[in-house]
Amino acid sequence: MDFALNEQQRAFQDAARDFARNELAPHAALWDQEETFPVEVIKRAGEMGFCGLYTPEALGGLGLSRLDSAIIFEELAAGCTSTAAYLTIHNMVTWMVASWARPEIARDWVPTLASGEKLGSYCLTEPGAGSDAASLKTRADRQGDHYVMNGSKMFISGAGSTDVLVVMARTGGPGAKGVSAFLVPADLPGIQYGKKERKMGWNSQPTRAITFDNVKVPASFLLGEEGQGFTFAMKGLDGGRINIATCAVGTAQAALDAAVRYVGERQQFGQKLADFQSVQFRLADMLTELVAARQMVYLAAWQLDSGSRDATTYCAMTKRIATDLAFKVANEALQVFGGYGYLKDFPLERHVRDARVHQILEGTNEIMRVIIARNLLKDGALESLR
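Residues numbered from 1 in each chain as written. Predicted model: local features only at pLDDT ≥ 70, side-chain atom pairs only at ≥ 80, totals over all residues. Heavy atoms only, no water.

Peer 1: Quick question: what am I supposed to make of the packing of helix α9 (residues 311-337) against helix α10 (residues 348-356) here?
Peer 2: What describes two packed helices is the angle between their axes and the distance between those same axes. Packing of α9 against α10 leaves a shortest axis separation of 9 Å and a crossing angle of 160°. Judged by the angle between their axes, α9 and α10 are roughly antiparallel. Considering how the two elements wind past one another, α9 and α10 form a crossing that is left-handed. Residues Phe327, Ala330, Asn331, Ala333, Leu334 and Phe337 of α9 form the contact with α10, whose own contacting residues are Leu348, Glu349, His351, Val352, Ala355 and Arg356. Of the residues that constitute the contact of α9 with α10, the class distribution is 8 nonpolar, 2 polar and 2 charged. (Axes fitted to C-alpha atoms, helices over the stretch in contact; angles between N-to-C directions. Helix = DSSP H or I, 4+ residues; strand = E, 2+ residues; numbered from the N terminus. Parallel < 35°, antiparallel > 145°, perpendicular 65-115°, else oblique. Left-handed = near helix turned anticlockwise from the far one by under 90°. Contact = heavy atoms within 4.5 Å. Nonpolar A, V, L, I, M, F, W, Y, C, P; charged D, E, K, R; others polar.)

Here you go:
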């Protein structure tokens, strides 16, 4: 059991860190303030391979493991949480199309997604179907060589600015087995985008509702077979939970780094803040919790890469603990800064705002507990989870 990163992983980490420092961090505050979606920077990320990290090489991706990808996403998130989080969503879309589209469709669409030339959005959540995703109501009814799609989606990252939608829609009866997945070009007639939502954080990516009004989707754009959509959605979310967890860790690392620099410079009562034992203890707890969260991310990514039967449980545990601890670390870092941490002149308040949503999306942390408990209480689960 070797916990050290190998030479290739160190190279990926260094490349992502350099990109984050040069292309993301210097602009993150302005993107947040002006709610700018930095498409050109995302395309440059695509040139680095960051838009198709775990997409197969045969379709233009890098073909990396989920562990390698998590290492990269953490570094990107330290530069700009919001933009890195969008990149994780785009990577999930690209991988889903590569995995389940018909070969000719995959060849047409995946290389441009993996390069960042085209951007994608993932469409699962609906106004009335959040945590209970299997109750979604958007329908796609087969009519000849097309499906006619009607319904609406909510909280869709990148919506209105992306080229490709992966949409979960009902083709059969109620429940999970009636859900299918589709690749939907984002400019098809009948697709309407709502207003850009005003959000607490994640402001460098637009979030909108999407309405489908008699949208004709070619039957060849069905992913897999009818009724497989919910399974695909959950497989996507396993990886998505690791991605969000590692974004949270990257944000917390940036917040801790800022706090350490600050306490080494700021003086009160005739000494540096770093000399106060109470501050030292706070930083020690922050580092310990951050390392614990990172190791949990690596473990879950390894479980997913290994095809473990417990991978879903580990992804849920990781998402729960990493996003909770990372938000705590970011909040503690803000506290170290005192009143300055509350000012937009410093990045701490942005780190806190961006980190908060990680406890909600890709399944709330309450739903993560449901998944963990359900699997824990299965026969034989205790032994397999040791």
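Picking up after the structure, the text goes on.
Peer 1: What am I meant to see in the packing of aromatic side chains here?
Peer 2: Each aromatic ring pair is specified by the distance between its two centres and by the angle formed by the two planes. Taken as a whole and judged by the stated rule, the model has 11 aromatic pairs. Between phenylalanine 19 and phenylalanine 50, the ring centres sit 5.7 Å apart and the planes meet at 85°, which makes this aromatic pair edge-to-face. Of the two residues, phenylalanine 19 sits in helix α1 (residues 7-24) while phenylalanine 50 sits in the loop between α3 (39-47) and α4 (66-79), which places them 31 residues apart along the sequence. Taking relative accessible area as the criterion, phenylalanine 50 reaches 3% and is therefore assigned buried. With a centroid separation of 6.5 Å and 80° between ring planes, the pair formed by phenylalanine 269 and phenylalanine 276 is classed as edge-to-face. Taking the relative accessible area as the measure of exposure, phenylalanine 276 reaches 22% and is therefore partly exposed. In this structure, arginine 66 is placed above the aromatic ring of tryptophan 95, and the distance from its NZ or CZ to the ring centre is 4.7 Å. Here arginine 356 stacks its cationic end above the ring of phenylalanine 327, 5.9 Å away from the centre of that ring. (Phe/Tyr/Trp six-rings, centres within 6.5 Å; stacked < 30°, edge-to-face > 60°. Buried < 20%, exposed > 50% of the residue type's maximum accessible area, 1.4 Å probe, protein only. Lys NZ or Arg CZ within 6 Å of the ring centre and 35° of its normal.)

Peer 1: Help me out: how do you make sense of the layout of surface pockets in this one?
Peer 2: Over the atoms, a rolled probe matching the size of one water molecule traces out where space is still vacant. Taken as a whole, the largest pocket spans an internal volume of roughly 1200 Å³. Mapped by element, the contributors of at least two residues to the lining of the largest pocket are α5 (81-100), β3 (146-157), α7 (229-265), α10 and α11 (365-376). Counting residues per element, the lining of the largest pocket draws most heavily on α7, which supplies 7 residues. The class makeup of the residues in the lining of the largest pocket is 19 nonpolar, 11 polar and 11 charged. The calculated volume of the second largest pocket comes to roughly 500 Å³. As for the second largest pocket, its lining consists of 22 residues, and the residues nearest its centre are Ala78, Gln253, Ala254, Asp257 and Arg261. Residue assignment for the lining of the second largest pocket shows that the elements contributing at least two residues are α1, α4, α7 and α10. The leading source of residues in the lining of the second largest pocket is α7, at 7 residues. Partitioning the lining of the second largest pocket into residue classes produces 9 nonpolar, 4 polar and 9 charged. (1 Å grid on protein atoms, 1.4 Å probe; cavity = no way out; pocket = protein on both sides within 12 Å on 5 of 7 lines; lining within 4 Å. Points joined across faces, edges and corners; volume = space filled by probe spheres on them.)

Peer 1: Sorry, what's going on with the nonpolar core here?
Peer 2: One broad rule of soluble globular proteins: the nonpolar side chains tend to lie buried together. Leu76, Tyr122, Met149 and Met168 are the most contacted members of the largest nonpolar core, which has 83 residues in total. Ranked by residue count, the leading element in this core is α5, at 12 residues. In this structure, Leu5, Ala259, Ala322 and Val352 belong to the second largest nonpolar core, which totals 39 residues. (Core = buried A, V, L, I, M, F, W, Y, C linked by side-chain atoms within 4.5 Å.)

Peer 1: What am I meant to see in α9 here?
Peer 2: Here α9 is 27 residues long and its end C-alpha atoms lie 38 Å apart, about the 39 Å a rise of 1.5 Å per residue gives. Glycine 338 sits one or two residues past α9 and shows a positive phi near 65°. (Expected span 1.5 Å × (residues − 1).)

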